[in-house]
Every structure is written in C-alpha cells, then in structure tokens.
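Structural overview
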Amino acid sequence: MNIKYLFLLLLSWVSFSQNSDFPSAKVDAIVNRIKLPVFPSYQVNVIKLGAKGDSITDNKKVFDKAMALCKKNNGGTIIVPKGIYKINGPIHFVSNVNLKMEKGAKIKFSDNPKDYLPLVLTSWEGTMLYNYSPLIYANNCSNIAITGEGTIDGEGGKTWKTFKAKEGEGKNLSREMNHANAPIESRKFGEGYFLRPQMIQFLNCKNVLVENIRIENSPFWCLHLLKSQSITIRGISYKSLNHNNDGIDPEYAKDVLIENVNFDNGDDNVAIKAGRDHEGRANTATPSENIVIRNCNFKGLHGVVIGSEMSAGVQNVFVENCKTAGYLKRGIYLKTNADRGGYIKNIFVHNIQLDQVEDCLYITSNYHGEGNGYQSDISNVHFSNISCNKASESGIVIQGFADKKIQNISLKNIEIKEAKNALSNENAENVLMTDIFIGQRATVPTAVSKN
C-alpha cells in the first residue's frame, strides 16, 4: 500500500472522527432560522358565535364561521373556552389564525367517515392521493397555530379502529398507483377503501406552531407535517394508543423543532419520512431535513424512527437530551429497504437515557427483507452519551448489504447494562467505537491462582 493512499485514508478517518461530535452550532442555526407565526389582534370567541360546550351539540358550523371571520379580517385568534365541543367534520385552517384552546376545553370530533367528505389532497403512508379530510387540515397556509392547554380528541377507537382490518385493498392500490406514476388526480380513495385520516395535517404550510395542547385518540397518525417548513412543536402531550398512532411525522419537511413533548403513543413517537418508492425518488429536491428533537419523554413503540418511507432522503437530524417515560420497543431506529432508494445521512443522537427496550440502537437497510433494485445510502450517523438499562434482544444492530454497505457510523460513550445480544455489525464500513459497554463492565484481569 503506497504512502499517499495511507495518508489520505488517515486524513479521512480523522475528519470523520472530528465530525462525529454533536454540532450544537448547527442546531442553533436551525432553531434561529425557524419563524414563529404572528397574528393580527382580531379575536373571536366561539361561545359568542353560538357554540355549546355540552359534548352533544354539533359545533361544526360555528367553528367554520369563526375561521371565515378570521379570513375576512386577514387572520386572528379563535378562542375556545372551557367545555367539550362536539364537531361533526373537519376544521380547515386559513392563514394567520391561532386556534387557542383554553384550559378545560376539549374538541371532540365525530367518527362518522361521511363527515370527512369531500375528499382532499393528502398523503397516506408516503403516497400522495385524495382521501378523507384530516380532522384538522391546513393546505397552503402560513402563520398558523394550535395553542393553549386544551385537548383534541379524535374519537379514533371505535368506527375508525375497524378500518384497520379492511385497509388492505386501498393500501395496495395506493402503492400500485405510486409505482405506476399514476396522475395524482386519479388517486381517489375515501369511501370503500378504508384508509383512515390523520388527526392533524399541515400540507404545504409555513411558520407553524403547535404548543401545549393534548392530543388523544387519533384515528391514524396524530400530527403530520407534510411538505411544510419552519415548524415548532413544543410542550404538547399525548395519550393516543390506537393502530398507527405515530406522534409526529415530518415528511418532506424542513426546519422543524420538536421539544419538551411528553409522548404516550400506540406507535412511533417521532417518525421522520420522505415519501415512498417511485414518488419519493422523484422528489429528491424536497428531502426531510434540518430537524431538531430535544428534551422529550418517550413512551410508545419506538422513540425516534427514520423511515421506512424515506425515498426523497433524510438528512441533518439532531436528537438530544431525551429519555424514556415508559415502554419502548426500540430507542432509535433507522430503517429502509431495497424498494426505497434515497439516503439517510448526517444523523446525530446525543444524551439519551433509555430504560428497558427490546433493541437499543438499530440501523437496517433490509427492513422486512423487502425490495429489489433501489438500495438506500446510509452514512454519517453518530451516537454519543447513551445509556440503557436493559435490551431484551439486541444492544446495537447495524445491517447493510454486501454491495451497499452502511458507512461512517460512530458510537461514543454508550452503556447498555444488560442485553441478550450485545452487538450485530454486518456489511458496514468505518464503524468507530469509543467507550462502549454492553453488559457488566470488565475490570482488571484476575491473576492466575497458585496452588
């Protein structure tokens, strides 16, 4: 091996080692770039418009009127006082509006699917299509917010729950249309296809704030940040345990801050996505990027997930100062397969405290063993200062392909006190481990006893 090659190899290794430190300056730059929404002084109280917080009366027309009045006044704040407000149908946002829910206020949506017609442009598991309206929906809006100390209840545990067993035909058709590049206008779902709507979805929105509210009982994903940017999610809490109740799903999203969130979800707490298969690969100009997740309490299926729908790419994700508040199957989970393509890169995870999990840190290019022809690039993933009390299955798993290896993974100061399987590292290059302890820490070697 010649000296020049050795020197370049050493130089790249030193550079990789230095770049693995948590980049606080980059986090600060993202957070400082995010703009909070600003609202006109106009206010409207739904009680004064005739709303009744008696849990029985349908307040759909009142909330629609409040939104229309805000639009007429170029925006404003809709105040929802204490009470339980039944709404038979969706809330559709306009720009420059803050839906402010006071302490003791609850919006309880109906679970009659017909209430969420006509169809709207949305997305379902990474494929753009027309479906039931999300319960709270904003399309092409800017400067919008949901704030206050109230609760939003999606009533997802009854009628919507039954859709899960019937969704197969619609799900498969949506994926076939994706792969065939069918015109989005032809992708009409809704009645008869059983694809559940998201609870809250921001589509093509900018300068969004969701703060301090509680989210319960969603039909499907709870908070979907779709093709949107400059978003702040902070201080919210969950108790949403139905099928596929992800907490927060940034998808084709840019400049996102998620902080001080208390999760309690039936699925992933945060699942970062970027489109599925053909459609995602055709949108590589809009990866999910510049996402900060910090000071959160995890409880649910997985803490932070990237994928598996990530075909447009995911980059520049920063997770720090988070811990478990209950059961998790996996702590940090990066997943893709050979149908996806795209990339996952520049991921930093720092100061994470996990209790008992099935797997602590898991990276796989072969999710479900599916796919052919579109392997993903996974590179530059950095874990530091992570503790876990017990991994009932695996401590650390890295799974690449022989012909598409995972590259540049650093693990620094990781302690997993107990694990059935300590480490599985397959088809990966440049894996740097510093101060890794899995199981009981070794001490000084014992001396040979003399008889």
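Within an unreviewed UniProt entry, the label attached to the protein reads Glycoside hydrolase family 28 protein, and the organism entered is Flavobacterium quisquiliarum. Of the protein, the UniProt comment under Sequence similarities (unreviewed entry) reads exactly: "Belongs to the glycosyl hydrolase 28 family."

Helix and strand counts for the protein stand at 6 helices and 31 strands. When its C-alpha atoms are laid out on the principal axes, the protein stretches across 90 × 50 × 40 Å. A buried classification covers 54% of the 451 residues belonging to the protein. A separation of at least 24 residues holds for 76% of the contacts in the protein among residues at least 6 apart in sequence. Element-wise, carbon and sulfur atoms account for 47% of the exposed surface of the protein, whose accessible area totals about 18900 Å². Taking the average place of the 52 positive charges on the side chains of the protein and the average place of its 45 negative ones, the gap between the two points comes to 4 Å.

What follows deals with the UniProt feature "domain: Rhamnogalacturonase A/B/Epimerase-like pectate lyase" (unreviewed entry) in the protein. Here the UniProt-annotated "domain: Rhamnogalacturonase A/B/Epimerase-like pectate lyase" (unreviewed entry) positions come out as residues 44-100. For residues 44-100, helix accounts for 23% and strand for 40%, while the C-alpha atoms at its two ends are 10 Å apart.

A few words now on the layout of surface pockets. Of the pockets and cavities examined, the largest pocket occupies roughly 620 Å³. What lines the largest pocket is a set of 31 residues, and nearest its centre among them are E125, R175, R276, Y367 and H368. At the level of secondary structure, the elements contributing two or more residues to the lining of the largest pocket comprise α5 (168-179) and β26 (330-335). Examining the composition of the lining of the largest pocket, we find that 5 residues originate from one element, α5, more than from any other. Taken together, the residues that form the lining of the largest pocket break down as 4 nonpolar, 9 polar and 18 charged.

Per the counting criterion, the structure on display carries 1 cavity of 30 Å³ or more. Each pocket or cavity is described by its volume, and for the largest cavity that value is around 30 Å³. Considering the residues around the largest cavity, the lining is formed by L361, Y362, I363, F383, I396, V397, I398, I409 and L411. Broken down by secondary-structure element, the contributors of at least two residues to the lining of the largest cavity are β27 (343-364), β28 (377-399) and β29 (406-416).

So, on to α5. Taking 1.5 Å of rise per residue, the 12 residues of α5 would be expected to cover 16 Å, and the 17 Å separating its terminal C-alpha atoms lies within 8% of that figure. Of the residues making up α5, those classed as buried are G170, S174, M177 and N178. Angularly, the buried residues of α5 cover 105° about the axis, an arc narrow enough to put them on a single face. Structural note: α5 exposes E169 and E176 on the side pointing more than 90 degrees away from its buried face. Buried residues in α5 make contact with β9 (127-131) and α6 (277-281). Following α5 by one or two positions, N181 adopts a phi angle in the positive range, close to 55°.

Turning our attention to the side chain of R196. Looking at the element boundaries, R196 is found in the loop between α5 and β13 (200-203). Within the local environment of R196, its side chain forms a polar contact with the side chain of E167, the two groups lying 3.0 Å apart. Apart from the residues lying within four places of it in its own chain, the contact partners of R196 are W124, N131, W160, F163, K164, E167, P219, F220, H243 and N244.

Inspection of the entire model under this criterion finds 27 salt bridges. Here E125 and R175 are joined by a salt bridge, their closest N and O atoms 2.7 Å apart. Taken together, the residues E125 in the loop between β8 (120-124) and β9 and R175 in helix α5 connect sequence positions 50 residues apart. Overall, R175 belongs to the partly exposed group, its relative accessible area being 23%. Where E216 meets R214, a salt bridge forms, and the shortest distance between an N and an O atom there is 2.9 Å. Residue E216 is classed as buried on the basis of its relative accessible area, which comes to 19%. One salt-bridge network, in which partners are shared between bridges, spans K108, D153, E155 and K158.

What follows deals with the nonpolar core. I78, F93, F202, L223, I293 and F383 are the most contacted members of the largest nonpolar core, which has 99 residues in total. The biggest single contributor to this core is β27, with 9 residues. Contact partners of I78, with chain neighbours within four places excluded, come to V44, V46, A66, M67, C70, V97, N98, L99 and K100.

Rules behind the numbers
Residues numbered from 1 in each chain as written. Predicted model: local features only at pLDDT ≥ 70, side-chain atom pairs only at ≥ 80, totals over all residues. Heavy atoms only, no water. UniProt positions renumbered as here; feature names shortened; annotations may be inferred. Helix = DSSP H or I, 4+ residues; strand = E, 2+ residues; numbered from the N terminus. Buried < 20%, exposed > 50% of the residue type's maximum accessible area, 1.4 Å probe, protein only. Contact = heavy atoms within 4.5 Å. Areas by Shrake-Rupley, 256 points an atom, 1.4 Å probe, with all protein chains shown as cover. Lys, Arg positive; Asp, Glu negative; His and termini not counted. Charge placed at Lys NZ, Arg CZ, Asp CG, Glu CD. 1 Å grid on protein atoms, 1.4 Å probe; cavity = no way out; pocket = protein on both sides within 12 Å on 5 of 7 lines; lining within 4 Å. Points joined across faces, edges and corners; volume = space filled by probe spheres on them. Nonpolar A, V, L, I, M, F, W, Y, C, P; charged D, E, K, R; others polar. Expected span 1.5 Å × (residues − 1). Arc of directions from axis to C-beta. Polar contact = N/O pair within 3.5 Å; in protein donor to acceptor, adjacent residues only side chain to side chain. Salt bridge = Lys/Arg side-chain N within 4 Å of Asp/Glu carboxyl O. Core = buried A, V, L, I, M, F, W, Y, C linked by side-chain atoms within 4.5 Å.

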